[in-house]
Every structure is written in structure tokens, then in C-alpha cells.
Amino acid sequence: MFKILRTRLGQGHRTTKFPLEIPTLPERYRGRPDLDPKRCLDGCKACAEACPTQAVSVDGGLKLDLGQCLFCTACIDSCPEGAIRYSQDYRLATSQRSALVLTGGELKLAERMTDDLYRILRRSLRLREVCAGSCNACDLDTNVLNTVGWDLSRFGIQFVASPRHADGLLVTGAIPRNMYRALLQTYEAVPKPRIVIALGACAISGGPYLGSPEVLNGVGGVLPVDLYVPGCPPHPLTILDGLLRLIGRIRGEPPEARPSHLMDNRTHDQGTKAVDTAAVERRDRGVESHSTDESTQ
Ligand code: SF4
């Protein structure tokens, strides 16, 4: 018994201090790509031709769609001028699908959920994960957040078994047609108001299956999405950063990531009253007309 206690004490505290401290990422880590269109040679399409998912385009200027990117480096390896490079920036999650299209190094990061949702959900988030045709890489990197290394529950975020107990869905996979109804039914079982998170290239755009007649090209064509977390799969740090931005625990875009800049210091008492139920209803009516559109089947 004494040996066990001594070993346990020797192990110390293993949970990352994120977001107070940013964990050291390996040298080979692939974060947000940096684009430098000024380096592009006239008429060169090497990156676009090398990309397996048509995430890069050069017509009308160099663009890279993070929602389709597999982070495979083919575009980087093919570019003779180094116009595309990976940075170590793990912050990739956005609130809008259009924000994932990079034209330089800028990325409009995810914002806190809308006020009407925040007043109800606050910083307590229960999520039901739906694996809709993923290879399980995104699911595994999400599972990592539940280990002692990340301890997701200290932020008030937990995964639950039943959609009835959830505030929203976290969806992975390109959404094969035979998962459409199951996904829709799971979504409809979540009490309103509810959120949807699209995790990984497949859930955002279909990823490598984009354009296949067997998939619905991600969750955006089926449900309204509140948070996009790109990657193939996204690093746990990227997922956690996105979730904390969604619940307002991280704000802004401070590259230095100092605690005083990162943390939302509002107290739990602020904004708890006067829930705008009309706004919530409006939002969900919009959701329902979208989600019950049988034409997407
Ligand atoms: S890293 Fe992304 S953009 Fe570049 S070739 Fe691979 S999938 Fe395409």
C-alpha cells in the first residue's frame, strides 16, 4: 500500500494546464497553414493538382479550404516556392463554414455561442457524440480529452450516452446516406435549444469522400452547425480550444495566449436572467424547417 501511495505521489499532477499554459507541440505538428500568395509563380497550379480533396485552388488567387484539408502536406511538397507552410498554431475552430477558407494566414476563430443559448447552457455542456461514417480517428482524438491528461470535465463539458441528456451533438464522419435518418432522429431527441459541432474534414465537407453519391458531404447539409473543428483528425488541443471558445472560456486571438487575455472573467451571475425565449424559438423553427427537408436524403 505504501509503495502504491509513493508511486502515486511520484507521478504528481499530469493534467495539462491548458488554457493557462499551452502544451509544447512536437516539431512535426501541423497546425494552421500559412499562405503566401506573393510567392506563387505565374500559371503554377502544382499545389491544386497535388491536393487529393481539391482543398487548394489557385484560380482567382491562392486559397485553401481548411474544411476540406487532410493536412497531408502534398501541396507543400509540390510547391517549388514555399507558398504554403504549416504553422504551429493549433487554433483552427470557427463558427462559420466560410471562415475556414484561408487566403493568407488569417483565420476568424470561433466565437462564444449565441446569447440566447449561452443564457440557458452557460458553461455546462453535455454532448452526445454521433459517429456518422468516420474512420474513428476524430472519435479517438475526442476520447483523449476524457483522459487524465486533459480532464475535459473540469471545464463542465461531458459526453453523455443519451441524446435526451445532451445539449447538443458532436458529429464525426462524412454522413453516409444510410446514417441520415439516425443522425436526424438523434438530433431531434436532443432537447431545444441544441447545438451541433462538426468535427474533422469529413463532418465539415465530406473530406476525401466529397462528391461521392453515397455521402451527404458533411453535417452542414443536414443540420445547422454552431462550431467547425477542422483537421484529419483535429489534435485534442484544437478540439478543446474550439469547445472552450464555444462556451466562452477562451476569447479573442491572442497568439501569446496569456491567461488574462484568454480567460473570460465574467461571473456566473451575469446574464442569467431574461432568457429570450422568442429568440430561442425563432432559432429552433429555422432549424426544424432545415432539418426535416427530405430532399437531402
Ligand atoms: S495538405 Fe490539405 S490542402 Fe494541402 S494537399 Fe493535403 S489536403 Fe490538400
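Residues numbered from 1 in each chain as written. Predicted model: local features only at pLDDT ≥ 70, side-chain atom pairs only at ≥ 80, totals over all residues. Heavy atoms only, no water.

J.: Could you clarify how one ought to interpret the layout of surface pockets in this entry?
T.: One simple way to see leftover space: roll a probe sized like a water molecule over the atoms. Quantified by volume, the largest pocket comes out at close to 260 Å³. Looking at the lining of the largest pocket residue by residue, the classes come out as six nonpolar, four polar and five charged. Its boundaries defined by the atoms lining it, the second largest pocket holds a volume of some 220 Å³. Taken together, 13 residues line the second largest pocket, and the ones lying closest to its centre are Tyr29, Arg30, Phe71, Pro233 and His235. Grouping the amino acids of the lining of the second largest pocket by side-chain chemistry returns nine nonpolar, three polar and one charged. (1 Å grid on protein atoms, 1.4 Å probe; cavity = no way out; pocket = protein on both sides within 12 Å on 5 of 7 lines; lining within 4 Å. Points joined across faces, edges and corners; volume = space filled by probe spheres on them. Nonpolar A, V, L, I, M, F, W, Y, C, P; charged D, E, K, R; others polar.)

J.: Quick question: what am I supposed to make of the side chain of Arg91 here?
T.: Examined against the element boundaries, Arg91 turns out to sit in the loop between β4 (84-86) and β5 (101-102). Within the structure, the side chain of Arg91 is placed 2.9 Å from the side chain of Asp89, a separation counted as a polar contact. (Helix = DSSP H or I, 4+ residues; strand = E, 2+ residues; numbered from the N terminus. Polar contact = N/O pair within 3.5 Å; in protein donor to acceptor, adjacent residues only side chain to side chain.)

J.: I keep staring at helix α8 (residues 236-246) and nothing clicks. Help me out?
T.: Residues separated by three or four positions in an α-helix point in the same direction, a consequence of the helix having 3.6 residues per turn. With eleven of its eleven residues buried, α8 lies for the most part within the structure. The set of residues buried in α8 consists of Pro236, Leu237, Thr238, Ile239, Leu240, Asp241, Gly242, Leu243, Leu244, Arg245 and Leu246. Turning to α8, the residues buried within the fold contact β6 (125-131), α5 (137-143), β7 (157-159), β9 (195-199) and β10 (227-229). After α8 finishes, the residue Gly248 shows a positive phi value of roughly 80°. (Buried < 20%, exposed > 50% of the residue type's maximum accessible area, 1.4 Å probe, protein only. Contact = heavy atoms within 4.5 Å.)

J.: Would you explain the site of the ligand in this entry?
T.: Close contacts around the ligand come from 14 residues, with Cys51, Cys69, Leu70, Cys72 and Cys75 the closest. Counting atoms within 2 Å of the grid points, the majority share of the ligand lands in the largest cavity. Per-class residue counts for the shell around the ligand are twelve nonpolar, two polar and no charged. (Near = heavy atom within 4 Å. Sits in = over half its atoms within 2 Å of the grid points.)

J.: How do you make sense of the nonpolar core when you look at a structure like this?
T.: A general tendency of soluble globular proteins is for nonpolar side chains to be buried together. If you look at the biggest cluster of nonpolar residues, it comprises 40 residues, and the most contacted ones within it are Leu183, Val219 and Leu223. Going through the elements one at a time, β8 (168-172), α6 (180-189), β9 and α7 (200-205) are the ones with two or more residues in this core. The element that contributes the greatest number of residues to this core is α6, accounting for four residues. Leaving out residues up to four positions away in the same chain, Leu183 has contacts with Val130, Leu169, Val171, Ile175, Val219, Val222 and Leu223. (Core = buried A, V, L, I, M, F, W, Y, C linked by side-chain atoms within 4.5 Å.)

J.: Explain the packing of aromatic side chains to me, please; I cannot follow it from the model alone.
T.: Each aromatic ring pair is summarised here by two numbers: the centre-to-centre distance and the angle between the ring planes. Per the counting criterion, the structure on display carries two aromatic pairs. Consider the rings of Phe18 and Tyr90, whose centres lie 5.9 Å apart with planes at 80°: the pair is edge-to-face. On the criterion of sequence distance, the pair formed by Phe18 in the loop between α1 (2-11) and β1 (33-35) and Tyr90 in the loop between β4 and β5 is long-range, its members being 72 residues apart. A residue is classified by how much of its surface remains accessible, and Phe18, at 0% relative accessible area, is buried. Owing to a relative accessible area of 6%, Tyr90 belongs among the buried residues under this scheme. (Phe/Tyr/Trp six-rings, centres within 6.5 Å; stacked < 30°, edge-to-face > 60°.)

By themselves, these are just geometric observations and shouldn't be taken as functional.
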